[in-house]
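Read off the chains here:
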Amino acid sequence: ERAGRIEPGAHLVFVLLDGLGMNLMTRLPEDTFLRRQLQRSIRASCPSTTACALTSIATGAWPSEHGVTGWFTHLPEHDFTLITLPMLDRSTGKPILERGLGASGVLPVAAYHGALSSHPLTLLPHQLRDTVYARYSRAGTEAVGYESIAEAVERIVEHVAWGHARTYTHLYVPDVDTACHHDGTRAPGDLEHVLRIDAELARLRERL
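Here the structure is a predicted model, which means the values were calculated and not measured.

Mind showing me how you'd approach the packing of helix α8 (residues 175–183) against helix α9 (residues 188–207) here?
Helix packing geometry: the angle between the two helix axes and the distance between the axes. Between α8 and α9, the shortest axis-to-axis distance is 9 Å and the interhelical angle comes to 175 degrees. The angle between α8 and α9 places the two elements in the roughly antiparallel class. Seen from α8, the contacting residues are Asp-175, Val-176, Ala-179, Cys-180 and Asp-183; seen from α9, they are Asp-190, His-193, Val-194, Arg-196 and Ile-197. Looking at the contact of α8 with α9 residue by residue, the class counts come to five nonpolar, one polar and four charged.

Set out below in structure tokens:
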């Protein structure tokens with residue numbers, strides 16, 4: 001049913017706006033791009049935290065399968081607790097690489113990007129592009145970093161126009177989630193972040 005709502009095409013662009021729930025969507029003006037494009041809501045993974053959801057999206061598996069239970073995940077076989085997204089040992093704050101472990105050593109389900117027949121590209125904020133988790137979640141496929149949403153839009157347009165027969169472009173935007181963690185989910189400034197992103201997504205749709 002979900003797939004039937006996406007029109008067939010050679011180029012698929014997937015935009016993940018971390019932290020943008022229906023509580024914010026319903027506060028957006030009716031004429032915004034996101035409100036006009038809204039088709040339906042979906043259920044989040046359980047627990048509905050970024051670490052769980054991102055890993056479910058990367059693998060197509062539920063948290064009970066991929067093993068990420070939240071920001072912290074205890075790994076009894078390795079006798080330490082993992083801070084999942086930065087891939088650190090919780091007790092020491094040191095990277096798991098210093099333990100001789102990589103993402104595949106602590107996350108049992110592989111990401112699906114490596115099996116895509118289309119040409120995949122992941123866009124992330126520059127500081128996240130080459131983290132251990134980021135490389136895992138895109139299965140080592142190509143990625144570029146961006147400084148602003150406007151820059152990311154231009155990168156997406158370039159990728160789609162590059163000449164590949166089929167492309168899959170994944171854009172991760174953490175701005176809303178970061179703002180809500182700092183200010184709460186009802187802060188007046190939250191909508192400003194969403195509206196700025198909304199305008200750029202409308203521009204992306206127009207460019208494509």
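Now that the structure is up, let's keep going.
Hey, could you run me through the layout of surface pockets in this one?
Over the atoms rolls a probe the size of a water molecule, and in doing so it shows where empty space is left. Computed from the structure, the second largest pocket encloses a volume of approximately 610 Å³. What lines the second largest pocket is a set of 29 residues, and nearest its centre among them are Thr-50, Leu-54, Leu-85, Leu-128 and Tyr-172. Of all elements in the fold, only α3 (50–59), β5 (119–125), α6 (132–137), β7 (167–173) and α8 reach the threshold of two or more residues within the lining of the second largest pocket. A per-class count over the lining of the second largest pocket returns 15 nonpolar, eleven polar and three charged.

How should I be thinking about the sheet that holds strand β3 (residues 80–83) in this particular structure?
Sheet strands line up and pair through hydrogen bonds in the backbone, either parallel or antiparallel. Pairing within the open sheet is antiparallel, and its three strands lie in the order β2-β3-β4. Each of the sheet's edge strands pairs with one partner strand only, and the pair in question is β2 (72–75) and β4 (88–89). Pairing analysis gives two bridges linking β3 to β4, with the strands arranged antiparallel. Along β4, the bridge assignment pairs Ile-83 with Leu-88.

Any chance you could explain the pattern of salt bridges here in plain terms?
Any two side chains of opposite charge can pair, given that their charged atoms come close. Evaluated as defined, the whole model comprises eight salt bridges. With a shortest N-O distance of 3.0 Å, Arg-99 and Asp-89 are connected by a salt bridge. Here Arg-99, found in the loop between β4 and α5 (103–106), pairs with Asp-89, found in strand β4; they are ten residues apart in sequence, far enough to count as distant. Judged by relative accessible area, Arg-99 falls into the partly exposed class, the value being 42%. Under the relative-accessibility criterion, Asp-89 is labelled buried at 3%. A salt bridge links Asp-130 to Arg-129; the nearest nitrogen and oxygen atoms lie 3.8 Å apart. Judged by relative accessible area, Arg-129 falls into the partly exposed class, the value being 33%.

Teacher, can you tell me more about α3 here?
A turn of α-helix holds 3.6 residues, and therefore any two residues three or four places apart point the same way. Summarising burial for α3: eight of the ten residues are buried, a large majority. Within the span of α3, buried status applies to Thr-50, Ala-51, Cys-52, Leu-54, Thr-55, Ser-56, Ala-58 and Thr-59. Looking one or two residues past α3, Gly-60 carries a phi angle of roughly 75 degrees, positive in sign.

Sorry if this is basic, but what is going on with the sheet that holds β7 here?
In space, the four strands of this open sheet follow the order β1-β7-β5-β6, with parallel pairing throughout. Two strands bound the open sheet, and with one partner strand each, they are β1 (11–17) and β6 (143–146). Strand-to-strand twist across the sheet, computed as the mean angle between neighbouring axes with direction ignored, equals 15 degrees. Across four bridges, the pairing between β5 and β6 is parallel. Each residue of the ladder has a partner; that of Leu-124, found in β6, is Gly-145. Sheet contacts for helix α7 (residues 149–161): β1, β5, β6 and β7; angle to β7, the most-contacted strand, approximately 175 degrees.

Parameters and conventions
- Residues numbered from 1 in each chain as written.
- Predicted model: local features only at pLDDT ≥ 70, side-chain atom pairs only at ≥ 80, totals over all residues.
- Heavy atoms only, no water.
- Axes fitted to C-alpha atoms, helices over the stretch in contact; angles between N-to-C directions.
- Helix = DSSP H or I, 4+ residues; strand = E, 2+ residues; numbered from the N terminus.
- Parallel < 35°, antiparallel > 145°, perpendicular 65-115°, else oblique.
- Contact = heavy atoms within 4.5 Å.
- Nonpolar A, V, L, I, M, F, W, Y, C, P; charged D, E, K, R; others polar.
- 1 Å grid on protein atoms, 1.4 Å probe; cavity = no way out; pocket = protein on both sides within 12 Å on 5 of 7 lines; lining within 4 Å.
- Points joined across faces, edges and corners; volume = space filled by probe spheres on them.
- Pairing = 2+ DSSP bridges.
- Salt bridge = Lys/Arg side-chain N within 4 Å of Asp/Glu carboxyl O.
- Buried < 20%, exposed > 50% of the residue type's maximum accessible area, 1.4 Å probe, protein only.

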